Amino acid sequence: MSRVYIFDTTLRDGEQSPGCSMTTPEKLKMAAALADLGVDVLEAGFPIASDGDYEAVDAVSRQFHWLQVAALARAYTPDIERAAKALQHARRPRIHTFIATSDIHLQHKLRKTRQQVFDDAVAAVTLARNYTDDVEFSAEDATRTDPEYLEEICLAVVEAGARTVNLPDTVGYSIPEEYAALIRRMVGVLGDRATVSVHCHDDLGLAVANSLAAIAAGARQVECTINGIGERAGNAALEEIVMALKTRHDRLPFETKIHSEKLFPASQLLTQFITFGPQPNKSIVGENAFSHEAGIHQDGYLKNPSTYEIMSPASVGVPESRIVLGKHSGRHALKKRAEDLGFRLSKEELDEVYHRFTHLADNKKGLRNDEIIALVEEVVGRAAAVGR
Ligand code: MN
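None of the values given here were measured: they were computed from a predicted structure.

**Observations regarding the pattern of salt bridges**
Under the counting rule described, the total for this entry stands at 31 salt bridges. With its nearest N and O atoms 2.9 Å apart, the salt bridge here joins Arg 94 to Asp 134. Within this pair, whereas Arg 94 is found in strand S5 (residues 92-100), its partner Asp 134 is found in the loop between helix H6 (114-129) and strand S6 (135-140), the two being separated by 40 residues in sequence. In this pair, the class of Arg 94 matches that of Asp 134, namely buried.

So, in structure tokens, the structure goes:
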């Protein structure tokens, strides 16, 4: 059985996208949820980018020192030194250094020759290895890079000490068969000397499909985010990759260490911190992902859930029972629902929420999850509410 490592970049690639900025306390709460979920590597930020990012990587490294914590750095000495410093309290620090390798980026962005980029990449990995054994190299825009040149760079950075080589589809341009061929080629070239990693963007809606094709072709680390947040159309969604591997184990015989029943709570927690949640019809974690509306579907579902459900809501942490929270509901059901939505309430907080809930529920048919969230937030305050 092949193990696939989950590299979460919710706090880095996810966080750097519009509407997704998080404070350090929020990042720490999210990191706790990600650790609980069982991610293998947690990319906590890009320390040279801002003081906030530095502080977040430092705080995550201190508080979750047993985790494999990664920090991003351009292939540039000040970046690598800053990343190393931010990671100084991590027991298993990973420096993740990158440089673009496609001619488009070389000519228009970096204004460097292939030889210069090659030398920068090797020098960055060599420097990073002075700080940690765990160095990842990313060839930005790998999918639009001349494969011959990509091969040379990958071999050289592995020779310099990189243990993970990431081949991102930075601009979401690739399609599954093509990406799989590239990954298969690089896995063949690098053999056992390095783990080949993938990092896909969803510009064409193919991030998860490309990631799965890459895993089948030999990639053993996949970079992804909760709810698929990230630059532009987002990154590959962690929950979709994990559940595809789990649900279609017959065709994708790979293991992750993710506790899938914690996917929905993690998604809900993230939603509290950023400005938007998953769209209602989002796979796995959307509000409607396990709802049945059409009469024929409801009828089949009620006779046997397997007629219309390929995975159980409980397997991803969606509250199994579709209990309508109404005026006859008790404190226990309310507490359970609040927990399912990412809130841990103290006894006094629960009493207060329950008091307000009974008043509201008297005049309604039932409270929706967003109404429950609003109620809880009214009582405990938005930022303080979550992750306790
Ligand atoms: Mn990215």
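**Some details on the sheet that holds strand S7 (residues 164-166)**
Sheet architecture is closed into a barrel: 8 strands sit in the order S2-S3-S4-S5-S6-S7-S8-S9, paired in parallel fashion. When the angles between neighbouring strand axes are averaged without regard to direction, this sheet yields 25 degrees. Examined bridge by bridge, strand S2 (residues 5-8) and strand S3 (residues 41-45) share 2 bridges and lie parallel to one another. Bridging across to S3, Phe 7 finds its partner in Val 41.

**Focus: the domain arrangement of the protein**
Split by domain assignment, the protein resolves into domain 1 (2-273) and domain 2 (291-387). Look at where the C-alpha atoms of domain 1 and domain 2 centre, and you get two points 35 Å apart. On the domain 1 side of the contact with domain 2, Lys 29, Phe 264 and Gln 272 bury the most area, a combined 43% of that side's loss. Where domain 1 touches domain 2, the interface holds 0 salt bridges. Connecting domain 1 to domain 2 are 3 residue pairs in polar contact (both at pLDDT 80 or more). Residue assignment for the side of domain 1 that touches domain 2 shows that the elements contributing at least two residues are helix H2 (24-37), helix H10 (238-247) and helix H11 (263-273).

**Overview of the packing of aromatic side chains**
Summed over the entire model, instances satisfying the criterion amount to 3 aromatic pairs. On the numbers, 6.1 Å between centres and 65 degrees between planes, the contact of Phe 46 with Phe 98 is edge-to-face. With a gap of 52 residues between them, Phe 46 in the loop between S3 and helix H3 (51-63) and Phe 98 in strand S5 connect regions that are remote in the sequence. Pair check on accessibility: Phe 46 and Phe 98 agree, each one buried. Ring centres of Phe 64 and Trp 66 lie 5.7 Å apart, and the angle between their planes is 65 degrees; this geometry places the pair in the edge-to-face category. Over the aromatic face of Tyr 5 sits the side chain of Arg 3, whose NZ or CZ is 4.3 Å from the ring centroid.

**Regarding the packing of helix H9 (residues 207-216) against H10**
Axis separation between H9 and H10 bottoms out at 10 Å; the angle between their running directions is 50 degrees. Classified by the angle between their axes, H9 and H10 sit oblique to one another. Every pair of crossing elements has a handedness; the one defined by H9 and H10 is right-handed. Residues Val 208, Ser 211, Leu 212 and Ile 215 of H9 form the contact with H10, whose own contacting residues are Glu 240, Ile 241, Ala 244 and Leu 245. Residues belonging to the contact of H9 with H10 are distributed by class as follows: 6 nonpolar, 1 polar and 1 charged.

Conventions and cut-offs
- Residues numbered from 1 in each chain as written.
- Predicted model: local features only at pLDDT ≥ 70, side-chain atom pairs only at ≥ 80, totals over all residues.
- Heavy atoms only, no water.
- Salt bridge = Lys/Arg side-chain N within 4 Å of Asp/Glu carboxyl O.
- Helix = DSSP H or I, 4+ residues; strand = E, 2+ residues; numbered from the N terminus.
- Buried < 20%, exposed > 50% of the residue type's maximum accessible area, 1.4 Å probe, protein only.
- Pairing = 2+ DSSP bridges.
- Axes fitted to C-alpha atoms, helices over the stretch in contact; angles between N-to-C directions.
- Domains from an automatic or database assignment.
- Buried area = accessible area lost by both parts, 1.4 Å probe.
- Polar contact = N/O pair within 3.5 Å; in protein donor to acceptor, adjacent residues only side chain to side chain.
- Phe/Tyr/Trp six-rings, centres within 6.5 Å; stacked < 30°, edge-to-face > 60°.
- Lys NZ or Arg CZ within 6 Å of the ring centre and 35° of its normal.
- Parallel < 35°, antiparallel > 145°, perpendicular 65-115°, else oblique.
- Left-handed = near helix turned anticlockwise from the far one by under 90°.
- Contact = heavy atoms within 4.5 Å.
- Nonpolar A, V, L, I, M, F, W, Y, C, P; charged D, E, K, R; others polar.

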